[in-house]
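Single-letter residue listing:
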Amino acid sequence: MGRPPAVGLRYTSWDVAVLDHDDTFAKLLGTQGSRGFLVYFAIYQRAAASTGYYYKWDEFSPAILAQKLGCGVTTDCVQQTVTTCCRIGLFDDGLFGSAGVLTSKQLQQNFISAAKERRATVQVERKYWLLGDELPKGFIWCGQKEVCPPTNPSLQVEQPLNESKVKDILTPVAPTDGDCGKLCGKQGDGRQDGKRARQTVCTKLMKLYYQLTGVAFYADKEQRKAVYARMDRGATQSQMEAVMRYAVKSGLTPMQMYGEQWGWLVQFAGTGR
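Nothing here was measured: the structure is a model prediction, and the numbers come from that model.

Participant: If you had to explain the overall build of the protein chain to someone new, which residues and values would you point to?
Facilitator: Counting secondary structure elements, the protein chain contains 13 helices and four strands. Within the protein chain, the fraction of its 273 residues that count as buried is 46%. Partitioning the contacts of the protein chain with sequence separation of at least 6, the portion at a separation of at least 24 is 63%. Total accessible area on the protein chain stands at roughly 14,600 Å², and carbon and sulfur atoms take up 49% of it.

Dropping the structure here:
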């Protein structure tokens, strides 16, 4: 098993004179001020961190981002900034209107620069790609109906599971809506059974995340630790699944959705807790 997987890019590069030589940013600053630039920068970085080259946006994204940024940034400020960025070309207006996706040629060019040295083949969604039909060496298209594998070579799934492990993953854990403390070992044959039950629930959630996003976190200890921590605080499996199905729309990782963002997400997901 390799090192724990990363999500998207680990860093992005910026021209040191971007504010001096790019009139587009002058337009953004002139209409939305420094808070508008902060909003744009935050979305850009989230796109790079989540998929590398695009960011899914929905009706709740402005409120979540405003709450995260603080500094006087409001939901209306975020909404107005996104609209302005699409109008002046910092984000592609067509993809935002048709698919709820925030991306740009600059973002995708930076993704190519950062990902081209990877040894594994990098797959990209053709429907979100703005740089033409010819991909650089090492990049291939990901089919629209195909679950896109991780674009980062460190995001590879663990070694293939044997049949007995696959059966464990696909077999429902009962009770699925009960207290996770009971589910994870306070009943049954002791600590070993409890540990095995916790691992099974966690693997189910990681499998669901992979099915929803194409990103594999099976081997990421930090992501799994966040799942266990949320279980220990009394969250049920069904609550955690509901939050995950909602939170992936905003590009959040399990560590984010089961950590500091849980209080908001659990209300939006309608889980009742």
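Next comes the rest of the description.
Participant: A description of the nonpolar core should follow, citing residues and the corresponding values.
Facilitator: V227, M240, M244, M257, Y258 and L265 are the most contacted members of the largest nonpolar core, which has 27 residues in total. Counting only elements with at least two residues in this core, the list comes to α9 (191-213), α10 (221-232), α11 (237-247) and α13 (262-268). Counting residues per element, this core draws most heavily on α9, which supplies six residues. Aside from chain neighbours lying at most four places away, what touches V227 is C202, L205, M206, M240 and Y258. F25, W57, V82 and L102 belong to the second largest nonpolar core, which has 24 residues in total.

Participant: Lay out the pairing of strand β3 (residues 122-125) in plain terms, naming residues and giving numbers.
Facilitator: Burial along β3 is two-sided: the face carrying V122 and V124 and the face carrying Q123 and E125 are both buried. With four bridges joining them, β3 and strand β4 (residues 139-142) adopt parallel strand pairing. Residue pairing across strands places V124 opposite W141, the latter belonging to β4.

Participant: Any details on the packing of aromatic side chains? Residues and values, ideally.
Facilitator: Scanning the model with the defined rule gives 17 aromatic pairs in all. The interplanar angle of 65 degrees and the centroid separation of 6.5 Å between the aromatic rings of W14 and F37 together place this pair among those described as edge-to-face. Pair noted here: W14 is in the segment before α1 (18-21) and F37 is in helix α2 (residues 23-50), with a separation of 23 residues, a long-range link. Ring geometry for W14 and Y40: centres 6.2 Å apart, planes at 85 degrees, overall edge-to-face. Placement of the pair is W14 in the segment before α1 and Y40 in helix α2, with a sequence separation of 26 residues. With relative accessibility at 1%, the residue Y40 sits in the buried group. Taken together, the ring pairs in this structure connect W14, F25, F37, Y40, F41, Y44 and F91 into an aromatic cluster.

Participant: Residue-level account of the environment of Q45, with values.
Facilitator: With respect to the secondary-structure elements, Q45 resides in helix α2. With relative accessibility at 26%, the residue Q45 sits in the partly exposed group. When sequence neighbours within four positions are dropped, the list of residues in contact with Q45 reads T12 and W14. Polar contacts involving the side chain of Q45 include one to the side chain of T12, which spans 2.8 Å.

Participant: Any chance you could break down unusual backbone geometry for me, citing the residues and the numbers?
Facilitator: The phi angle at C71 is positive, at roughly 55 degrees, despite the residue not being glycine. Within the secondary structure layout, C71 lies in the loop between α3 (61-69) and α4 (75-88). When its relative accessible area of 61% is taken as the criterion, C71 is described as exposed.

Participant: Before we move on, can you summarise α2 with the specific residues and values?
Facilitator: With 28 residues, α2 should reach 40 Å at 1.5 Å per residue; the first-to-last C-alpha distance of 28 Å falls well below that figure. At Q32, α2 shows its strongest bend, of approximately 120 degrees. The backbone nitrogen of T24 lies 2.8 Å from a side-chain oxygen of the residue at the head of α2, namely D22. Positioned one or two residues after α2, G52 has a phi angle of 105 degrees, which is positive.

Participant: Account for the packing of α3 against α4, with residues named and values stated.
Facilitator: Two numbers describe how α3 lies on α4: the axes approach to 8 Å, and their chain directions differ by 115 degrees. Handedness of the crossing formed by α3 with α4: right-handed. Two secondary-structure elements touch here, α3 through P62, A63, L65 and A66 and α4 through T75, V78 and Q79. Residue composition of the contact of α3 with α4, by class: five nonpolar, two polar and no charged.

What counts and what doesn't
Residues numbered from 1 in each chain as written. Predicted model: local features only at pLDDT ≥ 70, side-chain atom pairs only at ≥ 80, totals over all residues. Heavy atoms only, no water. Helix = DSSP H or I, 4+ residues; strand = E, 2+ residues; numbered from the N terminus. Buried < 20%, exposed > 50% of the residue type's maximum accessible area, 1.4 Å probe, protein only. Contact = heavy atoms within 4.5 Å. Areas by Shrake-Rupley, 256 points an atom, 1.4 Å probe, with all protein chains shown as cover. Core = buried A, V, L, I, M, F, W, Y, C linked by side-chain atoms within 4.5 Å. Pairing = 2+ DSSP bridges. Phe/Tyr/Trp six-rings, centres within 6.5 Å; stacked < 30°, edge-to-face > 60°. Polar contact = N/O pair within 3.5 Å; in protein donor to acceptor, adjacent residues only side chain to side chain. Expected span 1.5 Å × (residues − 1). Bend = angle between axes of the 7 residues up to and from the residue. Axes fitted to C-alpha atoms, helices over the stretch in contact; angles between N-to-C directions. Left-handed = near helix turned anticlockwise from the far one by under 90°. Nonpolar A, V, L, I, M, F, W, Y, C, P; charged D, E, K, R; others polar.

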